[in-house]
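Descriptive structure summary
Chain by chain, the residues run as shown.
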Amino acid sequence: MSLLNIRNGRGAVVAAGVLVSSISLALADFPGQKTEPVDLTPEMVKQKAFEIDKFVAATLHAQGSKPLDNATDEQFLRRVYLGIVGRIPSYDEAKAFLEDEDADKRSKLIDQLLESPGYVSNMYNFWADVLRLKMKTGGNNRTNAIPYLNYVRQTIAENKPYDEWVHEMITASGGGWQRSSNGAVGYLERDKGMPLDNMANTMQVFTGTRMECAQCHNHPNNEEIEQKDFFYMAAFTHGLKGPRDMNRYSMDSKERMEERRMYENAPQPVRNMVQQLRYDIFDFGVKGGGDGVIPLPDDYQYRDLDPGEIVGAKTLFGKSVRNARAKPIDDSRELFAEWLTTSENPRFTKVISNRLWKKVMARGLFEPVDNLDEDPTISHPQLLAFLEKLMVQVDYDMKEFMRVLYNTRTFQFAPNPEEVDVAAPYTYPGRMLTRMTAEQLWDSMLAATIPDSDERKGTNFLPFIQYRGRYVLVGQKDMYDLYEEAMSLQGKELYDFVGQLLKDMESDRGASEGEMMEMMSSQMADSGSAKGAVDDKRWSGYSSALLRASELPSPAPATHFLRKFGQSAREVIEGATTESDVTQILSLINGHVEDHIVGKSNAKVFQDMNKVDTPEEKIDVAFLSILTRKPTADEMNMFVQNVNENGATAYDDLVWTLYNTSEFMFVQ
């Protein structure tokens, strides 16, 4: 079937002993061989990459097979852009690389992309799926979590070491809207009111240990995890409170009743704003260092301990860290975080090494990447041990770790034409064919729709209060200012404050439209965002909805392209899917291409095509913009003939057709 025949009524064809007291635990107490961190020079990066390739080659040789040849420049270019920045290259980017004759251009491109804003965008999407990032969080899905999401974005932009990042999230305290960037408390707030679930998620994400079943009974698939073990672990983070709760506990019953009366008698707008302040500001935070003790459930059924018995914190594996006296302490979270993130933890380094390997290579050395309890088959055990050592050597620098992986020949093998058994370990003779994620699909279409898509920023993550569906500045105040002013208020003081706040909002006092834009741009700069104010003239005439996935609400609404194509609802760990169906293709890709690209003179792909003269040149531009390759001779002849027969409308057909090929939607 020719590419032209795919278009039929614009339908689509679908393709294929801690210590018993609260003394801090010294990392030196852990056993194991230590590896001193080093800064990798470019030569060392290539040497480490070569060593990885030797492990892969040895396994293939032992099986009587050999790797495929290197990917072509076109294949590498598309693959590395999708891997590092989460989108295909633009026409200008593709042309520049393919015309570059530098023998070291692949390594240079890797370095360039790792330092680009697109890397931050792509890694945010990656971690948003793992950490279940949502703009509204907590048990009621009403608590504003923007400080947490911005904290994750900033952490990636700063390239904070992974162990340090995880330690911060486990131990963060205080209000999330504190000006001192305390968004890390959002990690615990994500499961507000569900501390047992939070511990289960923590162990799964960071150690590959599945403990959720042990909340109610001994683990059915792992005899080493009993119900009591789950509660030993949960004791580390037991007893935490929210910042507003601390104020409530200081009120006597008469004060609470009086505040309730004031709420019931207040005008509806005041009541609404009190609730908004509560959910948006007051309730987002964590207090306490962890008690280190927890009661067993009343229905505990095993004979070794009694129902309701108080037990002390104790780690599940590795060096025993425990509160043996089962008496409350005040720093058990810190002890837990140190145990969790040390390089001597037998699972912490292994899981992140394999998780990032999968991100780069499309499949983990063991699968699933967050389940070590099933004793998974490891395709290259010696390679995994090498990667763990490398992770420690780069001091948990995720970017540097992946820099090595992207420079391997293993990453740069040609696509594997054979069908892969997903139930069997993969030995990496060539690149597995994988479908783009929802975010990659959206961002790749965006790259051919608007200019400089990585730099365009929206307003979804800005810390401004919304009133009647719009952002407002109240005397130049943002959410951080409101937190500082209102957090300690109770009773009449709070209601007087809210009354004045509403009056200020009605007049939007102190902020003209220009000042609002200036404040927004300033907030973007403060949060580490790249340049690209929301009113930048580069995007004049383009829909405000045309933003990279990382700039859209997190997650996107259920009816959005991203969700229809598999973006996670962020309710479960790594809940995204890349499964497709005919309805999905027909209703969404067609609609998006029709609405924002085909026939739109300002779509970047058509602007680039208009810069050249001949049909052959225009067809080249379309192929490079969408498929990151030049057309074959047969494809060129076919499309030139269509241009000769149908004139300018043939270019609409060309663009539509290329977007609806399976080649566009897959990573080779």
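Re the overall build of the protein
Assigned secondary structure in the protein consists of 29 helices and 10 strands. Across the 668 residues of the protein, 55% fall into the buried class. Within the structure as shown, the protein displays about 28,300 Å² of accessible surface, and the carbon and sulfur contribution to it stands at 48%.

Points about the side chain of Asn-416
In this fold, Asn-416 is placed in the loop between helix 18 (398–406) and strand 7 (434–435). On the basis of relative accessible area, Asn-416 is assigned to the buried category, the value being 13%. A polar contact of 3.0 Å, which involves the side chain of Asn-416, links it to the backbone nitrogen of Glu-418. Among the polar contacts listed, one links the side chain of Asn-416 to the side chain of Tyr-426, at a separation of 2.9 Å. Once you skip the residues sitting within four places of it in the chain, Asn-416 turns out to touch Leu-68, Tyr-426, Pro-429, Gly-430 and Arg-431.

Examining the nonpolar core
Counting 180 residues, the largest nonpolar core has Val-80, Trp-127, Leu-131, Tyr-148, Tyr-162, Phe-206 and Leu-387 as the members making the most contacts within it. When residues of this core are assigned to their parent elements, the largest contribution, eight residues, is made by helix 6 (residues 117–131). Once residues within four sequence positions are removed from consideration, Leu-387 is found in contact with Ile-52, Ser-353, Trp-357, Leu-365, Phe-401 and Leu-405. Of all hydrophobic cores here, the second largest spans five residues; its members include Ile-450, Trp-539, Tyr-542 and Leu-546.

What about empty space enclosed by the protein?
Where empty space is left becomes clear once a probe the size of a water molecule has been rolled over the atoms. Roughly 50 Å³ of internal volume is contained in the largest cavity. Lining the largest cavity, in full, are Met-361, Thr-410, Phe-411, Tyr-426, Tyr-428, Gly-430, Arg-431 and Met-432. Taken together, the residues of the lining of the largest cavity break down into five nonpolar, two polar and one charged. Taken as a whole, the second largest cavity spans an internal volume of roughly 40 Å³. Considered class by class, the residues forming the lining of the second largest cavity number five nonpolar, one polar and two charged.

A few points about the pattern of salt bridges
Side chains that carry opposite charge are capable of pairing whenever their charged atoms lie near each other. On inspection of all chains with the given rule, the structure shows 39 salt bridges. Close ionic contact of Glu-264 with Arg-260 constitutes a salt bridge, the shortest N to O distance being 3.2 Å. Here the residue Glu-264 and the residue Arg-260 both occupy positions in helix 13 (residues 253–265), the gap between them amounting to four residues, near one helical turn. Put simply, Glu-388 and Lys-350 hold a salt bridge, and the shortest N to O gap is 2.9 Å. Highlighted residues: Glu-388 in helix 17 (residues 381–393) and Lys-350 in helix 16 (residues 348–361), separated in sequence by 38 residues. Here Glu-388 falls in the buried class, since its relative accessible area comes to 17%. Residues participating in the shared-partner salt-bridge network are Arg-87, Glu-93, Asp-443, Asp-454 and Arg-548.

What to know about the packing of helix 13 against helix 21 (residues 491–507)
One can describe the packing of helix 13 onto helix 21 by two numbers: an axis separation of 9 Å at closest approach and a directional angle of 25°. Between helix 13 and helix 21, the interaxial angle falls into the category roughly parallel. Judged by the sense of rotation from one axis to the other, the crossing of helix 13 with helix 21 is right-handed. Each of Glu-259, Met-262 and Tyr-263 in helix 13 lies in contact with helix 21, whose residues at this interface are Gly-491, Lys-492 and Tyr-495. Considering only residue class, the contact of helix 13 with helix 21 consists of three nonpolar, one polar and two charged.

Regarding helix 4 (residues 91–99)
Helical geometry note: an α-helix holds 3.6 residues per turn, so side chains three or four residues apart project in the same direction. When we look at burial in helix 4, the residues that qualify are Tyr-91, Ala-94 and Phe-97. Buried positions in helix 4, seen along its axis, are confined to an arc of 140° and lie on one side of it. Among the exposed residues of helix 4, those oriented more than 90 degrees off its buried face are Ala-96 and Glu-99. Contacts from the buried residues of helix 4 go to helix 3 (73–84), helix 5 (105–114), helix 25 (604–609) and helix 26 (615–626).

Section: the environment of Met-445
Relative to the elements of secondary structure, Met-445 occurs in helix 19 (residues 438–447). What Met-445 contacts, discounting residues up to four positions off in sequence, is Phe-561, His-592, Val-593, Ile-597, Tyr-659 and Phe-664.

Examining the confidence of the model for the protein
For the protein, per-residue confidence averages 85 on the pLDDT scale, and residues scoring 70 or more make up 86% of the total. Taken together, the stretch residues 527–533 has pLDDT below 50 and engages in 17 contacts with residues farther than four places along the chain or on a different chain.

What counts and how
- Residues numbered from 1 in each chain as written.
- Predicted model: local features only at pLDDT ≥ 70, side-chain atom pairs only at ≥ 80, totals over all residues.
- Heavy atoms only, no water.
- Helix = DSSP H or I, 4+ residues; strand = E, 2+ residues; numbered from the N terminus.
- Buried < 20%, exposed > 50% of the residue type's maximum accessible area, 1.4 Å probe, protein only.
- Areas by Shrake-Rupley, 256 points an atom, 1.4 Å probe, with all protein chains shown as cover.
- Polar contact = N/O pair within 3.5 Å; in protein donor to acceptor, adjacent residues only side chain to side chain.
- Contact = heavy atoms within 4.5 Å.
- Core = buried A, V, L, I, M, F, W, Y, C linked by side-chain atoms within 4.5 Å.
- 1 Å grid on protein atoms, 1.4 Å probe; cavity = no way out; pocket = protein on both sides within 12 Å on 5 of 7 lines; lining within 4 Å.
- Points joined across faces, edges and corners; volume = space filled by probe spheres on them.
- Nonpolar A, V, L, I, M, F, W, Y, C, P; charged D, E, K, R; others polar.
- Salt bridge = Lys/Arg side-chain N within 4 Å of Asp/Glu carboxyl O.
- Axes fitted to C-alpha atoms, helices over the stretch in contact; angles between N-to-C directions.
- Parallel < 35°, antiparallel > 145°, perpendicular 65-115°, else oblique.
- Left-handed = near helix turned anticlockwise from the far one by under 90°.
- Arc of directions from axis to C-beta.
- pLDDT = per-residue confidence, 0-100.

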